[in-house]
Amino acid sequence: MENWTEIRTAFLLGELGTVAATADTIGGHRATVVRRIEALEASLGAKLFQRHLKGYTPTALGDSLIEVAKRSDDGFRSLLSKARGNSQPFDSELVVSSPMLLDHFAFAAIRAFKRSDPKVSIHFQANTEVPKLEYGDADVALTFGEPPSNPDYVVILLGKLRLGLFRSMHTYLETHEDLGTADALAEFIKCDLPVYGEEVSEWVDQNVDDGQVVMTCSSVESANDAVLAGLGTGFLPYFLGRSVTWLKEVATPDPAWRVPVWIVTHVDVHRTPKVHSFLRSLKSVPRVYANTGRALDGRSDSDQSPETSNGTETVSIPAE
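Residues numbered from 1 in each chain as written. Predicted model: local features only at pLDDT ≥ 70, side-chain atom pairs only at ≥ 80, totals over all residues. Heavy atoms only, no water.

1. Digging into helix 8 (residues 198-207)
Condition: Burial status follows relative accessibility: with a 1.4 Å probe on protein chains alone, a residue under 20% of its type maximum counts as buried, one over 50% as exposed, and anything between as partly exposed. The secondary structure listing takes helices from DSSP runs of H or I that are at least 4 residues long and strands from runs of E that are at least 2 residues long, numbered from the N terminus. Our arc is simply the arc of the directions from the helix axis toward the C-beta atoms. Contacts are residue-level and defined by heavy atoms, with any inter-residue pair within 4.5 Å sufficient.
Taken together, the buried positions of helix 8 are Val200, Ser201, Trp203 and Val204. Projection of helix 8 onto a plane perpendicular to its axis shows the buried side chains occupying an angular sector of 160°, all on one side. Turned more than 90 degrees from where helix 8 packs its buried face, Glu198, Asp205 and Gln206 sit exposed. Those residues of helix 8 hidden inside the fold are in contact with strand 6 (153-168), strand 7 (188-191), strand 9 (234-237) and strand 11 (258-266).

Below is the structure:
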């Protein structure tokens, strides 16, 4: 494409805003960035950026060019990801993404995978959201709550994470000799977003008044730490709450307190040998943990046929 180097430089300058950041990204000198922008503007016969002390701001024409360049860049990245997925040797790197809440499941799968495929190196990413798999940012991602809706993603149900309501034993004894569920909820720690999915969020909305919330947190991890620190009552994964000696379970678990855990891959790499092998290791994790505290609940044996809907493949897990 004619002037593609200059167009891509203009795209990066529009995204990053400064010549210095753009030069670092392209691995060139600042003068190279300025020269490319001036050459492109001369070729178009119009200004693409307004210069000022803090950086560069796109003009209306610059915004239009950046939009077109972004679509082209996205297309090239997707093509590159697809090519890599089809051509990478099996003894290459596998990139695995997981939120901290699920990293022990990922690590258990990695341990099993490395036993059978020792030549594949692992790069682990701790992410709160699913990375852009269409750009090759990860090969396999774990997530929980609501599944991704991208039609190019293959989404597989790994199991359901059991939650419980827990409170520090020290604050429990300081407040009451015996707390019922209603009393325990009087000091509730809540996540800002419905990170655990619709069922848990609906239960909280129906059972916890705003006046009972003593603290809100922006992430599951911070909410977990607040409960562990004795700041109030909150949801914890069952395997975590039962493993901490100073925590007390303050309510009988509700059937709604189960959070779906999803494996996510991109359709272009889903059936590559290394990803396929790692998925086998991941799917064995619920059965392993079934013998060590029932951390994940599987689906029933009567519902084992795969389903495909809107790009989502649901794979059943035998009951524990």
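2. Describing a nonpolar patch on the surface
Under the convention used in this document: Nonpolar side chains (Val, Leu, Ile, Met, Phe, Trp, Tyr) within 5 Å and like charges within 9 Å form the patches, drawn only from residues with over 30% relative accessible area and no salt bridge. Residue burial considers only the protein chains on display, and all accessible areas are found by Shrake-Rupley using a 1.4 Å probe. Throughout this description, the term salt bridge denotes a Lys or Arg side-chain nitrogen within 4 Å of a carboxyl oxygen of Asp or Glu.
There is a patch of nonpolar side chains on the surface, built from Val214, Met215 and Leu231 and spanning about 240 Å² of accessible area. As for its position among the elements, valine 214 is in strand 8 (residues 213-217). A relative accessible area of 44% places valine 214 in the partly exposed class.

3. A closer look at the pattern of salt bridges
Considering all chains together, one arrives at three salt bridges under this definition. Of the charged contacts in the structure, one is a salt bridge between glutamate 41 and arginine 51, with a shortest N-O distance of 3.0 Å. You can see glutamate 41 sitting in helix 3 (residues 30-44) and its partner arginine 51 sitting in strand 1 (residues 49-52), a full 10 residues away along the chain. Take glutamate 41: its relative accessible area is 6%, and that puts it in the buried class. Two residues, glutamate 187 and arginine 167, come together in a salt bridge whose shortest N-O distance is 2.2 Å.

4. What about the packing of helix 1 (residues 4-16) against helix 2 (residues 19-26)?
Test applied: Where helices are involved, their axes are fitted lines through C-alpha atoms of the stretch in contact, as for all axes, and angles between N-to-C directions lie from 0 to 180°. Working definition: roughly parallel below 35 degrees, roughly antiparallel above 145 degrees, roughly perpendicular at 65 to 115 degrees, and oblique for all remaining angles. Note on convention: the crossing is left-handed when the near helix lies turned anticlockwise from the far helix by less than a right angle, right-handed when the turn is clockwise. In the scheme used here, Gly and all other residues not listed as nonpolar or charged are polar, with Ala, Val, Leu, Ile, Met, Phe, Trp, Tyr, Cys and Pro taken as nonpolar and Asp, Glu, Lys and Arg as charged.
The geometry of helix 1 relative to helix 2 is characterised by a closest axis approach of 9 Å and an angle of 130° between their N-to-C directions. Looking at the two axes, helix 1 sits oblique to helix 2. You can see that helix 1 and helix 2 cross each other, and the crossing is right-handed. Within the contact between the two elements, helix 1 uses Arg8, Thr9, Leu12, Leu13 and Leu16 and helix 2 uses Val19, Ala21, Thr22, Thr25 and Ile26. Along the lines of polarity and charge, the residues of the contact of helix 1 with helix 2 split into six nonpolar, three polar and one charged.

5. A short note on the packing of helix 2 against helix 3
Geometrically, a packed helix pair is captured by the angle between its two axes and the distance between the axes. For the pair helix 2 and helix 3, the least separation of the axes is 8 Å and the interaxial angle reads 100°. In terms of their interaxial angle, helix 2 and helix 3 are classed as roughly perpendicular. Along the contact surface, helix 2 presents Val19, Ala20, Thr22, Ala23 and Ile26, while helix 3 presents Arg30, Val33, Val34 and Arg36. Broken down by class, the residue content of the contact of helix 2 with helix 3 amounts to six nonpolar, one polar and two charged.

6. Some remarks on the confidence of the model for the chain
Applied cut-off: The predictor's confidence in any single residue is recorded as pLDDT, a number from 0 to 100.
Mean pLDDT over the chain works out to 78, with 78% of the residues at or above the 70 mark. Between residues 290-294, whose pLDDT stays under 50, and residues either more than four places distant or in other chains, the model counts four contacts. Under a pLDDT of 50 for its full length, residues 299-320 has, in the predicted model, 49 contacts with residues more than four places off or in other chains.

7. Let's talk about the nonpolar core
Basically, it comes down to this: For the purposes of this section, nonpolar cores are sets of buried Ala, Val, Leu, Ile, Met, Phe, Trp, Tyr and Cys residues that join through side-chain atoms within 4.5 Å.
Core analysis: the biggest nonpolar cluster contains 53 residues, and Leu165, Tyr196, Phe235 and Phe278 have the highest contact counts within it. Of the residues forming this core, the biggest block, seven residues, is contributed by strand 6. Apart from residues lying up to four places away in sequence, phenylalanine 235 is in contact with Leu163, Gly164, Leu165, Phe188, Tyr196, Val200, Trp203, Val204, Asn224 and Trp257. Counting 17 residues, the second largest nonpolar core, distinct from the first, contains Trp4, Leu12, Val19 and Ala69.

8. Some points on the state of the cysteines
Heads up, the condition is: Whenever a pair of cysteine sulfur atoms sits within 2.5 Å, that pair is classed as a disulfide.
Summed over all chains, the structure comprises zero disulfides. Cysteine 191 carries a free sulfur, and the closest cysteine sulfur to it, the one in cysteine 217, is 6.2 Å from it. A relative accessible area of 4% places cysteine 217 in the buried class.

9. Concerning the packing of aromatic side chains
Two numbers describe a pair of aromatic rings. These are the distance of the centres and the angle of the planes. To keep it simple, the criterion reads: Note on ring pairs: Phe, Tyr and Trp rings are taken, using the six-membered ring of Trp, and paired if centres are within 6.5 Å. Classes follow the plane angle, with under 30 degrees stacked, over 60 edge-to-face and the rest tilted.
All chains considered together, the criterion is met by nine aromatic pairs. When the centroid spacing of 6.1 Å and the interplanar angle of 75° are considered together, the rings of phenylalanine 105 and phenylalanine 239 count as edge-to-face. Residue phenylalanine 105 is found in helix 5 (residues 103-116), and its partner phenylalanine 239 is found in helix 10 (residues 238-241); the two are separated by 134 residues along the sequence. Phenylalanine 105 gets classed as buried once you look at its relative accessible area, which sits at 0%. Judged by its relative accessible area of 24%, phenylalanine 239 is partly exposed.

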